[in-house]
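Survey of secondary and tertiary structure
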Amino acid sequence: MPEIPSSAIESSRERPRIGVYVCHCGTNIAGIVDVRAIVEFAAKLPGVVVSRDYKYMCSDPGQALIQQDIAEHHLNRVIVASCSPLLHEATFRRVLSRAGLNAFLLQMVNIREHVSWVHLNQREATEKTKDLVRAAVRRVSLHKPLQKRRVSINPHVLVVGGGIAGIHAALTLAEAGKQVYLVEREPTIGGHMAKFDKTFPTLDCAACILTPKMTAVGSHPRIHLWTYSEVVRVEGYVGNYKVKVRRKPRYVIEDLCLGCQECVTACVYKEAKNPDEFNLGLSKRKPVYLPFPQAVPQKVVIDPQTCIQFKSGKCKKTCVEACGDRKAIDFTQKETIEDIEVGTIILATGFKTFDPVRNPYYGYGRYANVYTSLEVERLINASGPTAGEIVLRDGGQPKAVGIIHCVGSRDANTNRWCSKVCCMYSLKLAHLIKERTGAEVYNFYIDMRTPGKGYEEFYDRLLDEGVHFVRGRVAEVSDWATHPSEKGRLVIRVEDTLAAFVRRIPVDMVVLSVGMEPQPDAQDVRRLFNISCSTEGWFLERHPKLAPVSTFTEGVYIAGACQGPKDIPDSVAQAGAAAAEAMALIDAQFVELEPYTAFISEDQCSGCKTCIPLCPYQAISYMEEKKKAAINEVLCKGCGTCVAGCPSGSIQQNFFEDEEIFEEIEGVLAYA
Amino acid sequence: MELKRTVKFEADRDPEFARWISHTVGGERIRHCLQCGLCSGSCPLSLYMDYTPRRLMHLSREGFKEEVLSSSSIWLCTACYACMVECPKKINITHLMYALKQRAIEERFYPKRFPIPVMAQQFSRMVRGSGRITESWLIVRVFLRTAIWRLLGMSGLGLRLFRAGRMTLKPEKIERRAEIISMLDSVAATRKELAL
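Residues numbered from 1 in each chain as written. Chains lettered and ligands numbered in written order. Predicted model: local features only at pLDDT ≥ 70, side-chain atom pairs only at ≥ 80, totals over all residues.

Moving on: the overall build of chain A. The helix and strand tally for chain A stands at 19 helices and 34 strands. Each principal axis of the C-alpha atoms in chain A carries an extent, and together these give about 90 × 70 × 45 Å. Counting all 672 residues of chain A, 44% fall into the buried class. Long-range pairs, those at least 24 residues apart, make up 71% of the contacts in chain A between residues at least 6 apart in sequence. (Helix = DSSP H or I, 4+ residues; strand = E, 2+ residues; numbered from the N terminus. Buried ≥ 20, exposed ≤ 12 C-beta atoms within 10 Å, placed from the backbone. Contact = placed C-beta atoms within 7 Å.)

What follows is the structure in structure tokens.
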């Protein structure tokens, strides 16, 4: 860490010579605050040498004005009364540095967000500004020169989640030469996209565009692909994270398994009996199985819940026989914990679909022919349980199909948000079902939401294909016939709000277009990585517009549907953005941290150890020989918990020392 | 108070009608309708209509034939083309209204003595018969079939028009009337072909 030059320390000890600069911000501030009055008021405060106003302080001439004054009037403290320090603190700190002053001898007063934008009365706003400026003048006199800390960045990246977002982020980083750890909970990567049949609006096959990327991940020399694994612990800080990954046993040695699946054929179960998770239970699998034909890695898994060897220990182990010399099957495999060190983390943990059992009036789980949209994706997929034939659970082919939009979306009883993708995938399913079966297809929608390149055009195409569009939220799906034509069918009751009457429409198959929800363990994951969630449970970005993939934890980025409902192009775009953000940090090689760390006055510390368990970052240790606590400056995040907790008041925090805060408070309260 | 069933069953729909409308002249783009309601908003007559043009579009393409053909809206349309000029999906709404009028006349879906369809029928019959319209006789024929007393009320206006030479009782005719008949027949045949 670079030392603070002794001349800087010397100059800060001199009698304060303060410059006060009040910004008009056009009319943003000057429209409500009497800027001239503030300038005159500040000029009379003790220690103030110069007091000026300017239309835009942040502009080049505004900055030059401050720089010139520092030189001419030998200022050693600067106050800028303008907007939030979030916006321009860095700008004015650079001005001080250019003029040869330590950047931390600056204090900003936020008279825009805190005053002019929130007050209507000019006199009161001006008085409040005076109080805030007086507080800053008293505080800044006590400022000490500080130096930003630099920490180096480990160039390895952890990507959590192997859906399309995680895959894209991992590949982008690996192609740029970074080492990537891709951790996926399921036995294969691919996520939801691998389950889809076609993608909207181009109708290209999901597998055809996804599997090349999956294979690229599987064979990339710089990607460590850990499937069937979960992150269990994260420690450290930006650039230097220590992560523990639990690798669940698949009872198959990955390095030895060739993916030939002879063990699957040889399994003592001649018929597959267990519900196949990948096909959402629409087909069966054996205890030893490959999740789906293009799974990456191409390694089988043994499910200990259903395998006879695990249940009774008395299996003939025909699978081991079939594997032969390859010896890839290992019933004794145990879970392992891997320790890795990375500099940055990208979370791409995805979403879950809404469970329509929560809307009992649609009959899901009660009527065999009510399906979720994801089930229908598998049903019409050529590699799905029916090889792409739309065969209903009761064996028939549908003559009429109702697709119900907004199931678990836009509903205060379940989820209030719009899931964004359902309109488009419902149109896609309508097209595919009509194409494959020639059935009458009805879409029941509240609003048709198709923003996106080529999306509205796709809707127009569907309109022309003669699919029925009935505007109204379906009230009920039932098998109660009130007309001969409804006998033995599912009847959808809905108000056709465009025709302005209620309709009863008998169909043979109901598709529930289920919305997107945060993963059930999103709260655990956010705690693990120390990030925030919105009230709905989506991972929270640092800024909804200007920092959409950053989080409030430096070095942790989010991509894809874990941040909110998103379609494939948006997820991929975010994944690319997150990879670029990570690379920007890696290529800078170091990151500068604010010097707001806590420090201990050793002679006052009693060694009571109160602070040690309080620190969320494990930055405080106990020096046995001195019997005092010590703070690791690199680990300290400047949260201030130990400062407040120390019973003897021997911990202080840079930039927030007690006397600085007290002076500021007194300044606010000292009415003129 | 008389209570009627208002819920519609699928059996109330006539899919043939929906097919017919999208194959008729003017109906080619009806399926593209977004139900934005611009047609109803721009229509100067919609303030008297039982079903607005937007609702007629939806009911037609869904095949609710009775509702559509018994609607007063198709008769109120004056063919001002305001809806058609602005329609964001370029649906030929005015032409569609003509198609609906024709179908309503064919299927006798209008109240007895309702002057507008009678006028349309008499108009086309006169063109077919003589190749031209004689306004005086057209008015007489329409009122004889709808409201004969209205003829008396309008006699003053008629007399003034006669005196000014704007109307005549002499029937107007063209030569080679057989040709216009064969033209009209061929149009009718084409229309039948187009509608399946």
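Having put the structure on the table, let's press on.
All names here are of chain A. Looking at where Lys420 falls in the secondary structure, it is placed in the loop between β21 (400-407) and α13 (422-437). Counting along the chain gives 334 residues from Lys420 to Leu86, while the straight-line C-alpha distance between them is 32 Å. Aside from chain neighbours lying at most four places away, what touches Lys420 is Pro565, Lys566 and Asp567.

Looking at chain B, pLDDT values average 91 and 98% of them are 70 or higher. In the predicted assembly, ipTM is 0.84 and pTM is 0.84. (pLDDT = per-residue confidence, 0-100.)

Attention now moves to the interface of chain A and chain B. Between chain A and chain B, the contact holds 16 residues from the first and 14 residues from the second. Counting residues per element, the ones that place at least two in the side of chain A that touches chain B are α14 (455-464) and β26 (501-507) of chain A. The element that contributes the greatest number of residues to the side of chain A that touches chain B is β26(A), accounting for six residues. Judged from the two bridges that link them, β26(A) and strand β1 (residues 8-9) of chain B form a sheet pairing that is parallel. For Arg503(A), the partnering residue across the bridge sits in β1(B) and is Lys8(B). (Pairing = 2+ DSSP bridges.)

Residues and elements named next belong to chain B. Per the domain assignment, the segments making up chain B are domain 1 (14-106) and domain 2 (115-194). Domain 1 and domain 2 are separated by 26 Å when their C-alpha centres are compared. Facing the six residues of domain 1 at the interface are five residues of domain 2. Per-element tally for the side of domain 1 that touches domain 2: the top contributor is helix α7 (residues 93-106), with three residues. (Domains from an automatic or database assignment.)

Strand order across the open sheet formed by four strands is β24(A)-β25(A)-β26(A)-β1(B), with mixed pairing between neighbours. The open sheet has two edge strands with one neighbour each: β24 (476-478) of chain A together with β1 of chain B. Two strands pair when backbone bridges link them, and β24(A) and strand β25 (residues 490-496) of chain A are joined in this way by three bridges, in the antiparallel orientation. Across the sheet, residue Val477(A) finds its bridge partner in β25(A), namely Ile492(A).

The next point concerns the packing of helix α6 (residues 122-140) of chain A against helix α19 (residues 658-669) of chain A. Residues and elements named next belong to chain A. Interhelical geometry of α6 versus α19 gives an angle of 150° and a closest axis separation of 7 Å. One element, α6, and the other, α19, form an angle in the roughly antiparallel class. Between α6 and α19 lies a crossing whose hand is right-handed. On α19, the residues that touch Asp131, Leu132, Arg134, Ala135, Val137, Arg138 and Arg139 of α6 are Glu660, Glu663, Glu664, Glu666, Gly667 and Val668. Among the residues forming the contact of α6 with α19, the class breakdown is four nonpolar, one polar and eight charged. (Axes fitted to C-alpha atoms, helices over the stretch in contact; angles between N-to-C directions. Parallel < 35°, antiparallel > 145°, perpendicular 65-115°, else oblique. Left-handed = near helix turned anticlockwise from the far one by under 90°. Nonpolar A, V, L, I, M, F, W, Y, C, P; charged D, E, K, R; others polar.)

Looking now at the nonpolar core. Residue and element names in this part refer to chain A. By size, the foremost hydrophobic cluster in this structure holds 127 residues, and its most contacted members are Val159, Ala169, Ala170, Ile346 and Val510. A per-element tally of this core places α13 first, with nine residues. Taken together, domain 2 (262-326) and domain 3 (351-517) each give at least three residues to this core, which thus spans both. Ignoring sequence-local partners within four residues, the contact set of Val159 consists of Gly166, Ala169, Ala170, Val180, Tyr181, Leu182, Ile346 and Ala348. Judged by nonpolar contacts, the second largest core, of 43 residues, contains Ala42, Ile66, Met108 and Ile111. (Core = buried A, V, L, I, M, F, W, Y, C linked by C-beta atoms within 7 Å.)

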